[in-house]
Every structure is written in structure tokens, then in C-alpha cells.
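A closer look at the structure
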Amino acid sequence: MTREENVYIIRGATLPDTSTTDLLVKDGIIADAGTGISNASAQVIDAEGLIALPGLVDLHTHLREPGREDAETVETGSRSAALGGFTAVHAMANSTPVADTAGVVEQVHSLGLEAGWVDVRPVGAVTVGLAGERLAELGAMASSRARVRVFSDDGICVHDPVLMRRALEYVKSFDGVIAQHAQDPRLTVGSQMNEGDVSAVLGLGGWPAVAEESIIARDVLLAKHVDSRLHVCHVSTAGSVEIIRWAKARGVKVTAEVTPHHLLLTEELVRSYDPVYKVNPPLRTSEDVTALREALADGTIDVVGTDHAPHPSEHKECEWAQAAMGMTGLETALSVVQHTMIETGMMGWKDFARVTSTTPAAIGRVETQGRPLTVGEPANITLVDPDGRWSVVPARMATKGRNSPFKGMELPGKVQAVFFGGHPTVLNGELATRRPTAQAAK
Amino acid sequence: MRHLLSTRDLSPQEAVQLLDTAEEMAAVSTREVKKLPVLRGRTVVNLFFEDSTRTRISFEAAAKRLSADVINFAAKGSSVSKGESLKDTAQTLEAMGADAVVLRHWASGAPDRLASSGWIDAPVINAGDGTHEHPTQALLDAFTMRRHWSRVAGRESIGSDLAGMRVVIVGDVLHSRVVRSNLWLLTALGATVTLVAPPTLLPVGVSQWPCEISYDLDAVLASEPDAVMMLRVQRERMEAAFFPSANEYSRRWGFTDARLARLDAAVGSDAIIMHPGPMNRGLEISSAAADSPRSTVLAQVQNGVAVRMAVLYHLLSGDRSSNPVEQQEVGQ
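Keep in mind that this is a model prediction, so the values were computed, not measured.

Moving on, we come to the confidence of the model for chain B. Taken as a whole, chain B shows an average pLDDT of 92; of its residues, 93% reach a score of 70 or greater. Both scores are given for the predicted complex: the pTM is 0.94, the ipTM 0.93.

Quick look at the structure:
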């Protein structure tokens, strides 16, 4: 009987291409598809009116473990991810110790396997200790059990142009990608918010758009010169979009990411001085928000990455200048993207699947994720009620972080169920059970 | 008015009313007994996260002249430097009975944060926050200008505003909380403002402000303004490449002896020279200018006490419409 526990028929789901189908989930894969599927030992999930998406893949998550377990753990962060509709997350390297050795990335990887809520794919640091001085052992991390393919000093820019060039070149030997946090450090000394009309009035140190754009311009030229893959994290300005568009038109292997918060929120919120709106890169202007949405719709920006950054409350219950930068995002990402991109008519669900699953999985070289929902593919499936609406209450979230800038907003799109490698991690909108470690080892 | 965080929150009517109350308070300060009983039994906390002896003693004098008890809490060398948060410090002081918190902080927006966070119920008075605002400084500047402007016009100061007055503010606009508070308040009172600074010391976004911008101090002075306010320039700005040298700054944007002489030579100029202090003599203002009859530097300090009395009175007294001086006399 236990063998049959993970047999499910998803009845009448709408696929991203708007066709309707039943899906049989068995032995970790989509075993059958079509209408009128029956299986005596299967549990049936009524998916009438629900959209079936390939499980969401986040290229940009801070799980904080090891080192800041008071902020988040792999367990709580991956629970949060599952509830948000994710089946894979990339855990950023800025933990303590930094994920700059095979040992640390293997630790994070095995914590992810034990948790069993999503694929936890560690990101390796580009430089030792994120110090920007010498390359970390990228090859060792790539060859480790964690099979790292994405490398980033996220939180800090790889500012030295020679180091950046070498990193871009070096990761070609194992098909890796450098994910750059584009921020010129000298142009952003003491920066607190977007530099412009609002910072002028608030007297907060400015983070000018040019500090992001100048690094992206340099990096796309470097990527072109050495013919390497570059991924630009959390693009936040209209000018950055123009540079990436220019680079793509010239065949540069650049991909770009936008966060849900940069698709919805603007610097006007900083007028409250409430540090829940403090984030890096900062919230920008409404013109930037419009440009980012258009870029995501037309493919200039390839993916949505959450930059989920939980912080303990004391790091936000303070003066703006003292507060930590970052916002939670895993449990709101799907809804914010639906709100900003689908409900505005800029995208359909097929595009949604592309930017939240297919392309991020391809950039991270995660073979079992971001696959089409067809027979024989791994059963990483997220069922969403697109007509459901919910109010954001941070205290009810699975993440330890209470720093959601969407607090109190009513958003569309409720995650009803998530299958992770054929195992239901979310059912009826609530956490179900973790995938057993033994199953993951298969 | 529940808090005083920014002069942007003041309507022209509220601003005039505050200045009028300050005139009443100034009259008290000239008496033999410089004290009113209106805040007897109330406690005002001066919570200073940044050193500023002048502002602190001005608030202290203001509170004491209204018979309030004053607690001074300097966050340096206290539990705050050992990691206690603004939230815990403010809640601790309120638990000890603070009825109002006068907050000076190096971080822009700290008073807004304290006022809107729900951490405490007491009114918050911004005594200067980072590079954001310094509303009581602007009120005392406006008070000083209004006295000058009404004297020039030959009318009573009380009830009047600054309509038609042309004010020039010169110096480090980028880092100045004084200039922000002054700009919102002076324009609300009807004055026109011109900011003069090197382009490096003007914030990106300044073009949206309700004022003229100039890089040329001599051209602006030639237009015969009614008041010229020199802002303090910190020498360390030089290291951050905001300007090449103190000498060059002084030549181009300082109120030098030569500029004073030109102003004095202009026929019929009543322009006053203002400075929020402390002055860098020889950098942004020459000694001759600072000590000239046009200088209102000491009057500004004196008016600061009256203005802060008015602010404390409006925020803390239950009956905000009545005249504090009459109230006292009825009570006696």
C-alpha cells in the first residue's frame, strides 16, 4: 500500500498553453496525460479551474544557513519556498561561513535533501570570503556532490574587472555562470535609497542608477570578449534594461533577472522611513518599474528571482540607516508576478512558466526542473488558483522573516498544491509532507 | 499638530501661529522672571544620539522657562553605545514618564520612525536628523527674518508672513538639514528662495524644489536679496572631492570681506546675514561679515529659545488656542 501513496491524478488542470488535461503522477514522474485518466490506487485532486505550472525555480534565495539560523534555516526557507509554489531554489553564498568551498556547498545541499521541500541548489561564491580579492575554488564546488553551476558574490559586486574576467572565463570549463550583483562600490558609499527626487527631500544617501548600469555595461563587454555566460542579478533600472537589450542584440550570452518587488514597488514608499522598504538594489521610480515589466514581457529580462532576504525583526525595527537591506519574497512572488504581469495583460501563463521555471532552470543547469508537463517528465508541478485572492500577513508565513513589503496588500493567485519529484509538498494550500530523503537519493 | 518632524507638515496658518506664540514667549524672556508655569509637572526628554550642545541647551532652556522638568539623555557613552536600540531607549524613557521626546539623531528619518512606529505615545520633536530636517532651526530662522521683514515694512511682526521676501541660502545644500527645513517653511510663508552652491553640493533632484538654483554667488548678491544665509561647510567634504580646497571654496562661495564691502556699498540694501552656527570663520563666512551689524547670528540663538518654547507649548499644553501668557496671568 505504501508504494501507492504517491500516486495522484490531477483532474482537469489547465496547462500554461490553456489546454486542459488530467495528469497521472506516479514514481516521481508524469506517468500519463490526457482526459479521463483512471487509476484505482490513485488519489484524485480536482484541478478544475486551476492552472498547472512547472514547479517554480528561484535563482536567487537567501536561506541564511549556515550562520544566521535566527534569520532563516534551510528547513524554514524551503518550507516557505514550497508554499510559494517553488520546487527548486538557489541558495546564495553569503552565509557564515561563506559558501566558497566544496564543504560548505555540500552541507547546504545535504540540509536541502534532508528538508525535502524543494531542490536546494547551492550557489558558490566567486571569490574567497566574498572579499573580491582571489577566486574561490570554483572547480571543487562544481565537482562536489552539490554540483554547483551558479557562482555569485551576491550582496557584493565583483568589482575588480580582471577578477571578473577570469571568473567568467574559468567557469566555462564546467558550464557555469557568474551571477553578478551589479553595484559600483565607490559610487554607492553610504547609499541608502535610489538617488533622485525622493532622496533629495529625505536626506538619505543616494544609490544612483549609474552605479548599476556602469557595471552591467562593463560586464556585458567582458562576457562578449571572452564568450562566457553572464547572469545579471536583480536588474532595477530602465537604463540597465537598455544596456542588456543592446548586448543581447549583439549576441552576448547574458541573462537577466528582476525581483517581484522591483516589478511592483517604488521609492515613494521610502517616504515612510519604514525599513521594510530598504533593499539592495533600492526601490526605484515608476518609470523604472514600467521598463522592467516591459523587459520581462519582451524577453530582455529572462527570469524572475525573488532575492528572498529574511531578517530578524530587530534588524528592521530601527532607524532606516541602521536597518538591514532585504525583503522576503518566496511566498509572495507568484502572486506579485501574476498581479504585475498577467493581470496587466502583458503576459500569459505560458510566459509565466518561462520566466519563473523553464529559463531559471536552464540558466542554473538544473536538468530535472523547468520541464514541460508531458509524459515521462519529472513531476515538479505547481497548481495555482488564479482567481483566488489573499491578504498578505507576514506573521502567518513559513519563512522566519517578517519583513514583507507586501504586508496588508490583497494579491491574486493561491498556490493550491505542489508536487516535488512526484511527492506532494503542498496540498489544499497548506504544507503537506516533506519528500523522504530515501526517495531523493534515487 | 501631534509631532514636529518636518516643516513640510506645517500649513502657512500653523507656521504663523507658531511664530506668533514665539513672539509672546520672547516677551517673557525679557522679563525679570523669565518663567511661565504652563508645563508644570510635565517632563521633556532631550534624547540626543549626536552631540549638539547648542541645540540641547536651547531646548533645555525653553522647557525650563515653561516650568517643565527636563531629562537629558546623551546616547553616547550610554546603554545605546552598548547596542540598545532606539526603540528600547525611547520606551524606557517613556516608562520613566516622558511627556515629550526631543530627538536629535545622526540618521535621517529617525524622528519620523519613532513617531510612526507605535513604540511610544509621546509627541516627538525633531531636533535635527541626519541630512533631512531641522524644523526648529527653520522656525527660528523664519522668526528672525519675519522680525526683519516686518521692521523694513514698518508693521507688526505678529500675524505677518514673509510674502515678497527674497532669501538666499549659500553652501553645502546636499548635507544640510537646515536648508531643507528652511526651504519648505520659507516658501510656505511666501518668501522666494535662491540656493547657491557648487554643483557637487546640490542633491540630484534639487531641480524639483520650489526655488532658484545658482552657482554664482556674486550674481545673486548683485540682485540685492533681503537675507543671505550662509551654511556651515565641513572641511572633510574636501577629502571626498566635493570641492578642491578650502581656499577655492571660500573664494567662490564664501561670504568674504570683499562681498560684504560690495553689499555695504549698494544703496539701500537692508540685507541681513544669517548663519545657523557654529561658524567656520574664514571658510564660509569672514569675521567681518559675521560681526557686522547685518549679522543676526546671536539674535538667531536668542530667538531659538522662544521658538522652542512655542513648539513645546503647542505640542504639550492641552489648550492650544489660548495665549500662554494670558493663561498664566489668569492663573495667578
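Now that the structure has been shown, the text picks up again.
Residues and elements named next belong to chain A. Reading across from one edge, S9-S10-S13-S14-S15 is the order of the five strands in this open sheet, with parallel pairing throughout. Edge strands, defined here as strands with exactly one partner in the open sheet, are strand S9 (150-151) and strand S15 (303-304). Taken together, the two bridges between S9 and strand S10 (residues 177-180) define a ladder with parallel strand orientation. Directly across from phenylalanine 151, in S10, lies its bridge partner isoleucine 178.

Here we come to helix H2 (residues 53-65) of chain B. Residue and element names in this part refer to chain B. Helix length check: H2, at 13 residues, gives a terminal C-alpha distance of 18 Å against a target of 18 Å (1.5 Å per residue), a fit within 8%. Regarding H2, the residues found buried are Thr55, Ser58, Phe59, Ala62, Ala63 and Arg65. Projected down its long axis, H2 carries its buried residues within an arc of 165 degrees, all on one side. Of the surrounding secondary structure, the elements contacted by the buried residues of H2 are helix H1 (12-29), strand S1 (43-48), strand S2 (69-74), strand S3 (100-105), strand S4 (124-129) and helix H12 (297-316). Of the residues one or two after H2, serine 67 is the one with positive phi, at around 70 degrees.

Residues and elements named next belong to chain A. For the peptide bond that leads from threonine 96 to proline 97, omega is 0 degrees, which places it in the cis range. Of note, the bond from asparagine 280 into proline 281 is cis; its omega dihedral lies within 30 degrees of zero at -5 degrees. When you line up the elements, proline 281 lands in the loop between helix H8 (260-264) and helix H9 (286-298). Phi is positive for arginine 365, close to 55 degrees, though the residue is something other than glycine.

Residues and elements named next belong to chain A. In this sheet, strand S16 (residues 381-391) lies alongside strand S5 (residues 51-54) in antiparallel orientation, the contact comprising four bridges. Pairing of leucine 53 across the sheet is with threonine 382, part of S16. Taken together, the eight bridges between S16 and strand S17 (residues 410-420) define a ladder with antiparallel strand orientation. Its bridge partner lying in S17, serine 391 is registered against glutamate 410.

Before going further, it helps to examine the sheet that holds strand S6 (residues 192-196) of chain B. Residues and elements named next belong to chain B. An order of S7-S6-S5-S8-S9 is seen for the five strands of this open sheet, with the pairing classed as parallel. Unpaired on one side and paired on the other, strand S7 (212-214) and strand S9 (272-274) mark the two borders of the sheet. Adjacent strand axes in the sheet meet at a mean angle of 20 degrees when their direction is disregarded. Bridge count for strand S8 (residues 227-230) against S9 is three bridges, and the pairing is parallel. What sits directly across from methionine 229, in S9, is methionine 274.

Conventions adopted
- Residues numbered from 1 in each chain as written.
- Chains lettered and ligands numbered in written order.
- Predicted model: local features only at pLDDT ≥ 70, side-chain atom pairs only at ≥ 80, totals over all residues.
- pLDDT = per-residue confidence, 0-100.
- Pairing = 2+ DSSP bridges.
- Helix = DSSP H or I, 4+ residues; strand = E, 2+ residues; numbered from the N terminus.
- Expected span 1.5 Å × (residues − 1).
- Buried ≥ 20, exposed ≤ 12 C-beta atoms within 10 Å, placed from the backbone.
- Arc of directions from axis to C-beta.
- Contact = placed C-beta atoms within 7 Å.
- Axes fitted to C-alpha atoms, helices over the stretch in contact; angles between N-to-C directions.

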